[in-house]
Amino acid sequence: MPDISPDQDLDLSLLNEIADGSDEFIIESIDMFLQQTPELLKVIGDYMAQKEWLNAGLSAHKLKSTLGFFGMFATQSLIQQVELASKAGGENPYEIVTKFNQAKSNIAVNTITLVKLKAEAESRL
């Protein structure tokens, strides 16, 4: 499995180091990402639509560690900006929504790669 995908915000070196060659661990980790991340994105988006900025920020905070685990550092930075601006009261909603949408787009691209990597790991079992 590649450590870094140069055309994406995805550095899997931490996952690979922790997995230590275990395809089962990689599959389980990707499954967790695929289950939790879309739900968290929906929750954040719903809070933002309702202008519940503090809850949007708290939910964004939950997503940051997952993004870091999968080496999505640029996306993690966007989500941190969403978190901080939301917790500050959502003073510039357009900027917050723009950064959130950029993060969602990045996550969508990386999800495609993660699904492929999961399939490769499953084929080795």
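First, a word on scope: everything that follows refers to the structure included in this document. Remember, predicted model here, so these are calculated numbers, not experimental data.

Rules used in this analysis
- All chains use their own residue numbering, which begins from 1 and follows the written sequence.
- Residue-level local features of this predicted model are given only where pLDDT is at least 70; pairs of side-chain atoms are given and counted only at 80 or more, and the full residue set underlies all totals for whole chains, interfaces and linings.
- Water and hydrogen atoms were dropped before computing side-chain values, which therefore reflect all heavy atoms in the structure.
- In this description a helix means any DSSP run of H or I spanning at least four residues, a strand means any run of E spanning at least two, and both kinds are numbered starting from the N terminus.
- We take the radius of gyration over the C-alpha atoms and set the globule estimate at 2.2 Å times the residue count to the 0.38 power.
- Exposed residues in this analysis have more than 50% of their type's maximum accessible area, buried residues have under 20%, and partly exposed residues fall in between, with area computed by a 1.4 Å probe over protein chains only.
- The contact definition used throughout considers only heavy atoms, calling two residues in contact when any of these lie within 4.5 Å.

## Thoughts on the overall build of the protein
- The secondary structure content of the protein amounts to five helices and two strands.
- In the protein, the succession of α and β elements from N to C terminus is β-β-α-α-α-α-α.
- Relative to the compact-globule value of 14 Å for 125 residues, the protein shows a C-alpha radius of gyration of 15 Å, a close match.
- C-alpha atoms of the protein, sized along the principal axes, occupy 50 × 25 × 20 Å.
- Here the protein holds 125 residues, and the buried ones make up 42% of them.

## Examining the environment of Leu14
- Within the secondary structure, Leu14 is located in helix α1 (residues 13–19).
- Note on Leu14: relative accessible area 37%, which makes it partly exposed.
- Spatially, the C-alpha atom of Leu14 lies 9.0 Å from that of Gly68, the residues being 54 residues apart in sequence.
- Setting aside residues up to four positions removed in sequence, Leu14 forms contacts with Gly68 and Phe69.

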